[in-house]
Amino acid sequence: MSTAHLPRRTFAIISHPDAGKTTLTEKLLLYGGAVNLAGSVTSRKNQRATASDWMELEKQRGISISSTVLQFDYDGYRINLLDTPGHKDFSEDTYRVLTAVDAAVMVIDAGKGIEPQTRKLFEVCRRRGVPIFTFMNKCDRPTRNPLELLDELEKVLGIGAFPVNWPLGTGLNFRGVYDRLTHKAHMFERAVHGAYVAPLQVMGIDDPSIKDKMDEGIYEQTREEIEMLQGAGETYDQERVLAGTVTPVYFGSAMNNFGVQLLLDGFVEHSAPPGPRKVGDRLIQPSDPVFSGFVFKIQANMDPRHRDRIAFVRVVSGSFTREMTVIHAQSGKKIRLSNAQKLFGQDRETIEEGLAGDVVGILGHDILGIGDTLTEDRTIVFNEIPRFTPETFAYLHNPQPGNAKKFRLGFDQLLQEGVIQVLFTGTGQIKTPMLAAVGPLQFEVVQYRLKAEYGAESRLEMTRWSMMRWWRKPGADPDWLPDLPGDTMLATDSEGRNVILFADEWGVRHFTKRHPDIELSATEDFAPAVTPASQQA
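Residues numbered from 1 in each chain as written. Predicted model: local features only at pLDDT ≥ 70, side-chain atom pairs only at ≥ 80, totals over all residues. Heavy atoms only, no water.

**Section: the overall build of the protein**
Then comes step 1: The number of helices and strands found in the protein is 13 helices and 31 strands.
Then comes step 2: For the protein, the proportion of its 537 residues judged to be buried stands at 56%.
Then comes step 3: Contacts in the protein between residues at least 24 apart in sequence constitute 70% of all its contacts with a sequence separation of at least 6.
Then comes step 4: Carbon and sulfur atoms provide 49% of the accessible area of the protein, an area that totals close to 22800 Å². (Helix = DSSP H or I, 4+ residues; strand = E, 2+ residues; numbered from the N terminus. Buried < 20%, exposed > 50% of the residue type's maximum accessible area, 1.4 Å probe, protein only. Contact = heavy atoms within 4.5 Å. Areas by Shrake-Rupley, 256 points an atom, 1.4 Å probe, with all protein chains shown as cover.)

**Describing the pairing of strand β24 (residues 392-397)**
Then comes step 1: Among the six residues in β24, five count as buried, and that is most of the element.
Then comes step 2: Where β24 lies against strand β26 (residues 432-437), three bridges are found, and the strand directions are antiparallel. Across the sheet, residue Phe393 finds its bridge partner in β26, namely Ala436.
Then comes step 3: In this structure, β24 lies alongside strand β27 (residues 459-462), joined through four bridges in antiparallel fashion. Note on β27: the bridge partner recorded for His397 is Arg459. (Pairing = 2+ DSSP bridges.)

**A closer look at the confidence of the model for the protein**
Then comes step 1: On average, the protein scores 84 in pLDDT, and the residues at 70 or more come to 84%.
Then comes step 2: The spread of mean pLDDT over the elements of the protein runs between helix α13 (residues 533-536), the lowest at 37, and strand β5 (residues 132-137), the highest at 98.
Then comes step 3: Considering only residues more than four positions removed or in separate chains, one finds that residues 38-49, a stretch of pLDDT under 50, has 25 contacts.
Then comes step 4: In this model residues 61-67 is a low-confidence stretch, pLDDT under 50, and it forms 40 contacts with partners more than four residues away in sequence or in other chains. (pLDDT = per-residue confidence, 0-100.)

**A word on the pairing of strand β15 (residues 309-317)**
Then comes step 1: Where burial is concerned, most of β15 is hidden: nine out of the nine residues are buried.
Then comes step 2: Of the pairings in the sheet, the one linking β15 to strand β22 (residues 359-363) comprises five bridges and is antiparallel in character. Residue pairing in the sheet places Arg314 in a bridge with Val359 of β22.

**Side note on the pattern of salt bridges**
Then comes step 1: Within the structure shown, the criterion is met by 23 salt bridges.
Then comes step 2: Note that Arg126 and Glu123 form a salt bridge whose closest N and O atoms lie 3.3 Å from each other. Separated by three residues within a single helix, Arg126 and Glu123 lie in helix α4 (residues 116-127), roughly one turn from each other.
Then comes step 3: Look at Arg126 and you get partly exposed, because its relative accessible area is 36%.
Then comes step 4: By relative accessible area, Glu123 is classed as partly exposed at 25%.
Then comes step 5: Among the salt bridges present, the one from Lys451 reaches Glu457, with a minimum N-O distance of 2.8 Å. (Salt bridge = Lys/Arg side-chain N within 4 Å of Asp/Glu carboxyl O.)

**A few points about the nonpolar core**
Proteins that are soluble and globular tend to have nonpolar side chains buried together.
Then comes step 1: Judged by nonpolar contacts, the single largest core of 61 residues is most densely connected at Leu82, Leu153 and Phe296.
Then comes step 2: Sorting elements by how many residues they give to this core places α4 first, with four residues.
Then comes step 3: Leu24, Leu70, Phe135 and Leu263 belong to the second largest nonpolar core, which has 30 residues in total. (Core = buried A, V, L, I, M, F, W, Y, C linked by side-chain atoms within 4.5 Å.)

**Side note on the packing of aromatic side chains**
Then comes step 1: What the rule picks out here adds up to 11 aromatic pairs.
Then comes step 2: Seen from their ring centres, Phe133 and Phe267 are 5.1 Å apart, and the 70 degrees between their planes marks the pair as edge-to-face. You can see Phe133 sitting in strand β5 and its partner Phe267 sitting in helix α9 (residues 260-270), a full 134 residues away along the chain. Summarising the burial analysis for this pair, Phe133 and Phe267 share the class buried.
Then comes step 3: Site record: aromatic cluster; members linked through ring pairs are Phe11, Phe133 and Phe267.
Then comes step 4: Against the face of Trp480 rests Lys473, its NZ or CZ located 4.3 Å from the ring centre. (Phe/Tyr/Trp six-rings, centres within 6.5 Å; stacked < 30°, edge-to-face > 60°. Lys NZ or Arg CZ within 6 Å of the ring centre and 35° of its normal.)

**A look at the sheet that holds β26**
Within a sheet, neighbouring strands are paired by backbone hydrogen bonds and run either parallel or antiparallel to one another.
Then comes step 1: Strand order in the open sheet formed by eight strands is β27-β24-β26-β25-β29-β30-β28-β31, with antiparallel pairing between adjacent strands. In this open sheet, the two strands that pair with only one neighbour each are β27 and β31 (519-521). Strand-to-strand twist across the sheet, computed as the mean angle between neighbouring axes with direction ignored, equals 40 degrees.
Then comes step 2: Direction of pairing for strand β29 (residues 488-492) relative to strand β30 (residues 498-502): antiparallel, over a ladder of five bridges. Counterpart to Thr492 in the pairing with β30 is Asn498.
Then comes step 3: Running at roughly 155 degrees to β24, helix α10 (residues 404-417) makes contact with β24, β25 (421-425) and β26 of the sheet.
Then comes step 4: This element, helix α11 (residues 441-454), spans β24, β26 and β27 of the sheet and lies at about 20 degrees to β24. (Axes fitted to C-alpha atoms, helices over the stretch in contact; angles between N-to-C directions.)

**Side note on unusual backbone geometry**
Then comes step 1: Here the phi dihedral of Asp75 falls at roughly 50 degrees; this positive angle occurs in a residue that is not glycine.
Then comes step 2: One non-glycine residue with positive phi stands out, namely Asn257, at about 70 degrees.
Then comes step 3: Here Asn257 shows up in the loop between β11 (246-251) and α9.

What follows is the structure, encoded as structure tokens:
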């Protein structure tokens, strides 16, 4: 089989900050043969950054801010790994990436259990029916009881949990894992700084050498837990895994490479292949011969020397070939895809072809925007990218009038990338733009990139608003506006939809009581888009 036609697996890794997402990403690349030496994340501020991080701000902060696409071949599969931000202020970039994957690996710190951001990202996956594989990380440190961790998955996230393997000890006594599907114990040895593939011994659970390597009490307790799991708990059900109602659970330590290959092997075997996408009442199948795909991410200036702009396209159906001509569904124009690349950090390689599930980076073509469709069939227009409700709001000012052109150029480009949302406040023809973000780190990224990439200083003015709701009043005149209390503000989003800003949850409840005839929504679905001329300009 040609490597270009290998079956695809396209996934993202989700986690709470510091659970080990970036470390696991790099170790999957190590086991996948994409890198020869895994870097230590904990010392990256003094050494090099990880393979997937490229932005200077990421290197300074030791975090992943923007999402990167990594591709490698492993065991007869072509893997598309979409690396997502790992900071507590998850941006919309993270959520948009989850629209482009067919599965997710959820990393949990086994010493802490489920944390707030993990839960938030899990909910995004659940709403889309994305299969989730769970990696209980840091088993070489003190952990919570494994049975408690499984119970928490089921009670807090409401998902069935099937432990594919079981830890043989924890903390300093962690020696390996027992694979419940093959009935084999995998005993690990530490590699130097986790930089190389860990030496491994595979044997039966009754092998005397296992007892020799484990504390007798811990060994007997582990045997009891394994036997108990055989008679209780979830059974492995591939259909439920693919439906996202059961998560296969793997234990290990990404830092020391324990259990990483078992996770990778299990994922490629049991995960979902590229699936169909809806267009109205139609299902566009991966096997459909007509090429189609959608833009889920735009990134400018990844290479500061060239001022480039890359639109990341998830291929949904058909096959991509370089130099092909496709239709940009939003404008109806035909464009030629002559400059297509795949990226590995800042390294680039020209892509000649791609199949459903692949992610293709298209250079140039300023016409492309987030959510746009590229296709050979004019009737295909995807609607895959949701708008997420922002939770923090600020005005961005230009303190240097002489830099107005640079400021505006950079500001417009970042808005087109979807780095941040924009609202418009004020009445009449004059509207004032207000930045809106899921988390405040997005403001920092905007200011950093304006300065680093466009030479434009900026000043941020935070507001007191913390909640936004789209609104409508059925039967009312289109120009009708409600009489608002002093703790709220009217605005419109970039599509001309009416929104109200609130300082807190109490304000929402107070407004609802005062205006029971006005409908509020945390999503924009029910509000028609009417872009006013003042905002089109």
